[in-house]
Amino acid sequence: YARVMDLAGYRNTLSRDRDTLIKLNLSWTKYFPSCSSQPWQVDGVIGKMLTDGFSRNRLIPIENKTVVTNPREGCRNNRWEPVLQKHGLTFQPLTEVDWQVYRFKSPLLKLNEIFPEGIQIPAIYPSRQILHLPTVKTHGHAVMTGAVKNSFGGLLREVRHYAHKYMHEVLVDLLYMQRELHPAIFTVMDGTVAGDGAGPRTMIPRVKNLLLAAADSVAIDAIAARLMGFDPLSIPFLRMAH
C-alpha cells in the first residue's frame, strides 16, 4: 500500500496541513470478500500516512448507514475496529454527526430535482480533503462501483436509495459536489479480491492481487472497469463524467 500510494503521488494531492476524511466503504454489515473496505487496506493506508507525518488527530475515518447496513456493527464485523485502535484513530459514523442543507452552485443533473427541499450533507465535509477506500467490484445499479460511487454513501443520507432510478446522473452530480466541497480528493482501491456478479454484496470472489491509487476518481474507476472486462465508455456515469 505504501508503494502504490507513492507511485500515485498521493503527497502531491493530500496535505498534512489539512484534516482528512477517510471515507470507508461499507456495503454490508457482514464481512464478505471484496464487499467493503478490507482491513488490510485500512491498515496499509493509515499506517503509510502516519509514517509520512500525517497527524492522527487530523485523520477522521467515517461511514454512513444504508437501509441494509449499520456502521458501528459493520466497523466491528469488517475488522476495521482493531485496525483503527492500533493506529489510535476513532471511527466516526455519519449517523452521529450534524447534517446541514448545502446549496451547490454546480449545474447538478438530478439531485436538486430528487431533493427539492435541499441536499443535506454532513457538516464535517466542507473544506476537508477526502480519501476514498473502495474495492474493485460490480454493482447492480451502477454496473461497477469504485471511487465515484464511494462518495454516494457519505454525501447523501440513508434516503439516498431514492436516487437509484437516476444512478448514473447522480454519480456525476456527486463529482460536481465533491469538487465544491473538498480541497483535495484521493482514492486507494483494493483489488486483492475482486467482486464479480451480483454486486455489491453477494458476489463471486475473484483473487486478483491488484492495488490501485489515483487522484482522478473517473480515471481510477475507468481502469477498474476495464480490469473487470467492461468498456469504460459503455458505462453511462463514466461516459458522462469523462
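Residues numbered from 1 in each chain as written. Predicted model: local features only at pLDDT ≥ 70, side-chain atom pairs only at ≥ 80, totals over all residues. Heavy atoms only, no water.

## A word on the side chain of Glu63
Structurally, the position occupied by Glu63 is in strand β2 (residues 59–63). Only 2.9 Å separates the side chain of Glu63 from the side chain of Lys23, close enough to count as a polar contact. The contacts of Glu63, once residues within four sequence positions are left out, are Lys23, Leu24, Asn25, Leu26, Pro71, Trp80, Phe91, Gln92, Pro93, Leu94 and Gly153. (Helix = DSSP H or I, 4+ residues; strand = E, 2+ residues; numbered from the N terminus. Polar contact = N/O pair within 3.5 Å; in protein donor to acceptor, adjacent residues only side chain to side chain. Contact = heavy atoms within 4.5 Å.)

## Brief notes about the nonpolar core
In terms of nonpolar packing, the biggest core is built from 42 residues, with Leu111, Ile119, Tyr125, Leu174 and Met177 touching the most fellow members. Broken down by secondary-structure element, the contributors of at least two residues to this core are β2, α6 (147–150), α7 (152–155), α8 (167–181), β9 (185–197), β10 (203–214), α9 (217–227) and α10 (236–241). When sequence neighbours within four positions are dropped, the list of residues in contact with Leu174 reads Leu111, Val148, Ser151, Phe152, Leu155 and Leu156. Leu14, Ile46, Cys75 and Trp80 belong to the second largest nonpolar core, which has 27 residues in total. (Core = buried A, V, L, I, M, F, W, Y, C linked by side-chain atoms within 4.5 Å. Buried < 20%, exposed > 50% of the residue type's maximum accessible area, 1.4 Å probe, protein only.)

## Side note on the pattern of salt bridges
Two side chains with opposite charge may pair up if their charged atoms get near one another. Counted under the stated rule, the structure contains nine salt bridges. One salt bridge connects Asp19 with Arg58, and the closest N-O pair in it is separated by 2.7 Å. Of this pair, Asp19 sits in the loop between α1 (2–7) and β1 (20–23) while Arg58 sits in the loop between α2 (39–51) and β2; the two residues are 39 residues apart in sequence, bridging distant segments of the chain. Asp52 is paired through a salt bridge with Lys48; the nearest N and O atoms lie 3.0 Å apart. Neither residue differs from the other here; Asp52 and Lys48 are each classed as buried. (Salt bridge = Lys/Arg side-chain N within 4 Å of Asp/Glu carboxyl O.)

## A closer look at α2
Counted at 1.5 Å a residue, the expected span for α2 with its 13 residues is 18 Å, and the 18 Å between its end C-alpha atoms agrees. Those residues of α2 lying buried are Pro39, Gln41, Val42, Val45, Ile46, Gly47, Lys48, Met49 and Leu50. Note on α2: the residue one or two positions beyond its end, Gly53, has a positive phi of about 95°. (Expected span 1.5 Å × (residues − 1).)

It is worth stressing that arrangement in space is one thing and function is another; only the former is reported here.
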